[in-house]
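Next come the chains, spelled out residue by residue.
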Amino acid sequence: MVKELNISRKNLFYQLKLLKDKGVNLDNKYYSDGRIKLKPKTMFSRLNRNIINIPKNKNSLHFIASSDNHLGSPKQNINNSYMMYDYCINNNIHINLNCGDFLSGKKPWWNNCSTIALLNQVERAVDDYPYDDSILNFIVFGNHDMAYLKQGISLQDILCNKRTDMIPLGHNKVSLSVKNDVISLVHEERFRNKLYNKRLVLSGHKHKYLVHSKENELHIEVPSISNVPVDSYNVTPGFLDIKINFNNDKFKDVYVKMLMCLEDKLLLVNEYSFEYNDEEKDIFLVK
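Analysis parameters
Residues numbered from 1 in each chain as written. Predicted model: local features only at pLDDT ≥ 70, side-chain atom pairs only at ≥ 80, totals over all residues. Heavy atoms only, no water. Helix = DSSP H or I, 4+ residues; strand = E, 2+ residues; numbered from the N terminus. Buried < 20%, exposed > 50% of the residue type's maximum accessible area, 1.4 Å probe, protein only. Contact = heavy atoms within 4.5 Å. Areas by Shrake-Rupley, 256 points an atom, 1.4 Å probe, with all protein chains shown as cover. Pairing = 2+ DSSP bridges. Axes fitted to C-alpha atoms, helices over the stretch in contact; angles between N-to-C directions. pLDDT = per-residue confidence, 0-100. Right-handed = clockwise from strand over helix to strand, strands pointing away. Salt bridge = Lys/Arg side-chain N within 4 Å of Asp/Glu carboxyl O. Phe/Tyr/Trp six-rings, centres within 6.5 Å; stacked < 30°, edge-to-face > 60°. Expected span 1.5 Å × (residues − 1). Arc of directions from axis to C-beta. Core = buried A, V, L, I, M, F, W, Y, C linked by side-chain atoms within 4.5 Å. Polar contact = N/O pair within 3.5 Å; in protein donor to acceptor, adjacent residues only side chain to side chain.

Caption draft 1: Region of interest: the overall build of the chain. Secondary structure summary: the chain contains 6 helices and 15 strands in total. For the chain, the proportion of its 287 residues judged to be buried stands at 48%. Put simply, 61% of the contacts in the chain that link residues at least 6 apart link residues at least 24 apart. Counting only carbon and sulfur atoms, one obtains 48% of the accessible surface of the chain, whose full area is about 15,400 Å².

Here it is in structure tokens:
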């Protein structure tokens, strides 16, 4: 539609918002190459927000994982997000899975956080955060983002109305369908135990990179992209480059690169691979 009308995706977004204001109910369908397709939404429509569509003839998904931006904090370091976007553009990556605390929410030195202060914070974040027509940000909200919910502010509505590239998925834990498998995003690790599917779990909150694995289950702790310290120790900001290969539309293996944001440069500091074993095992019946 963007090509046919010869307009930017932002322009199309605002034109469609006018239709929505007139009562036309539209739904977005998201693709691994950053495309968004629109169709009329009915009561029988699937929840397309929780699906990353991959072409049938493609057997891989390449994306980045980031977390704990804490936008609005003095230590947000928006420059890191711009470096992350440059990396995506240079490496043909169109999906960013964000593991929470996208916004700073209630600042620790405030006794009370007013509604106006929170609204100003999210307005600045929407304006400052980088934008590219071909990059989609799937976001689960964390404990800092909960400050908005407690003040009766719907972050989901604000982001959906302000940015077509920001796809809010909900609070604390969500699952994304990818072919016939699932990527789960949680903010705090404690929500991982409440997941039905733990094949691939990405979590934030701790501001550092760690990997935990066992047979056919991989849990990756995603580093913070901000400079916000945790428990009085400084963090090394960065993000992850992750590639999943599929076999029969199920996860076959996962390759992870940890990239550190060092001033105005990116440094590859770690590589990790994990292989799933989903082959059917022979069952021997004992008589």
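Caption draft 2: Seen up close, the sheet that holds strand β13 (residues 238-247). Within the open sheet, the 7 strands sit side by side as β7-β6-β5-β4-β13-β14-β15. Their pairing is mixed. The open sheet has two edge strands, β7 (166-171) and β15 (265-275), and neither has a second partner. Sheet twist, expressed as the mean angle between neighbouring strand axes with direction ignored, is 20°. Pairing of strand β4 (residues 60-66) with β13 involves 6 bridges; the strand directions are antiparallel. Note on β13: the bridge partner recorded for Phe-63 is Ile-242. Those strands touched by helix α3 (residues 78-90) are β4, β5 (95-98), β6 (136-141), β13, β14 (250-262) and β15, and its axis lies near 135° from that of β14.

Caption draft 3: Fine view of the confidence of the model for the chain. In this model, the chain carries an average pLDDT of 86, and 82% of its residues clear a pLDDT of 70 or more. In the predicted structure, residues 280-287 sits below a pLDDT of 50 and forms 1 contact with residues beyond four places in sequence or in another chain.

Caption draft 4: Layout of the pairing of β5. A two-sided burial pattern is seen for β5, the buried positions comprising Ile-95 and Leu-97 on one face and Asn-96 and Asn-98 on the other. Here 3 bridges tie β4 to β5, and the two strands are oriented parallel to one another. When the sheet's bridge partners are listed, Ile-64 is paired in β5 with Asn-96. On the question of chirality, the crossover connecting β4 to the parallel β5 by way of α3 is right-handed. As paired strands, β5 and β6 are joined by 4 bridges and run parallel to one another. Each residue of the ladder has a partner; that of Ile-95, found in β6, is Leu-136.

Caption draft 5: Layout of the environment of Val-230. With respect to the helices, strands and loops of the structure, Val-230 is situated in the loop between β12 (217-221) and β13. For the pair Val-230 and Lys-208, spaced 22 residues apart in sequence, the C-alpha to C-alpha distance is 9.4 Å. Non-local contacts of Val-230, meaning those with residues more than four positions away in its chain, are made with Lys-206, His-207 and Val-235.

Caption draft 6: Spatial organisation of the pattern of salt bridges. One pass over the full model with this rule turns up 9 salt bridges. The partner of Glu-188 in a salt bridge is Arg-190, with the nearest N and O atoms 3.1 Å apart. The class of Glu-188 is buried, set by a relative accessible area of 13%. A relative accessible area of 52% places Arg-190 in the exposed class. The structure contains a network of salt bridges with shared partners spanning Glu-189, Lys-206 and Glu-221.

Caption draft 7: Geometry of the packing of aromatic side chains. Summed over the entire model, instances satisfying the criterion amount to 7 aromatic pairs. When the centroid spacing of 5.6 Å and the interplanar angle of 80° are considered together, the rings of Tyr-30 and Phe-138 count as edge-to-face. Residue Tyr-30 is located in strand β1 (residues 26-31), and its partner Phe-138 is located in strand β6; the two are separated by 108 residues in the primary sequence. Relative accessible area serves as the criterion here: at 0%, Phe-138 is assigned to the buried category. Judged by centre distance (4.9 Å) and plane angle (90°), the ring pair of Phe-274 and Tyr-276 falls under edge-to-face.

Caption draft 8: Region of interest: helix α4 (residues 115-128). The first and last C-alpha atoms of α4 sit 20 Å apart over 14 residues, in line with the 20 Å expected at 1.5 Å per residue. Within α4, the full set of buried residues consists of Leu-118, Gln-121, Val-122, Ala-125 and Val-126. In an axial view of α4, the angular spread of the buried residues amounts to 130°, which keeps them on one side of the axis. With respect to the buried face of α4, the exposed residues turned more than 90 degrees away are Ile-116 and Asp-127. Those residues of α4 that are buried lie in contact with α5 (146-150) and α6 (155-162).

Caption draft 9: A look at the nonpolar core. Core analysis: the biggest nonpolar cluster contains 35 residues, and Leu-97, Phe-138, Ile-183, Leu-185, Leu-202 and Ile-242 have the highest contact counts within it. Counting residues in each nonpolar core, the second largest holds 29 residues, with Cys-88, Val-122, Tyr-129 and Ile-225 among its members.

Caption draft 10: Quick peek at the side chain of Glu-188. Relative to the helices and strands, Glu-188 is located in the loop between β9 (181-186) and β10 (200-203). A distance of 3.1 Å separates polar atoms of two side chains, one belonging to Glu-188 and the other to Arg-190. In contact with Glu-188, not counting residues within four places along its chain, are Asn-143 and His-205.

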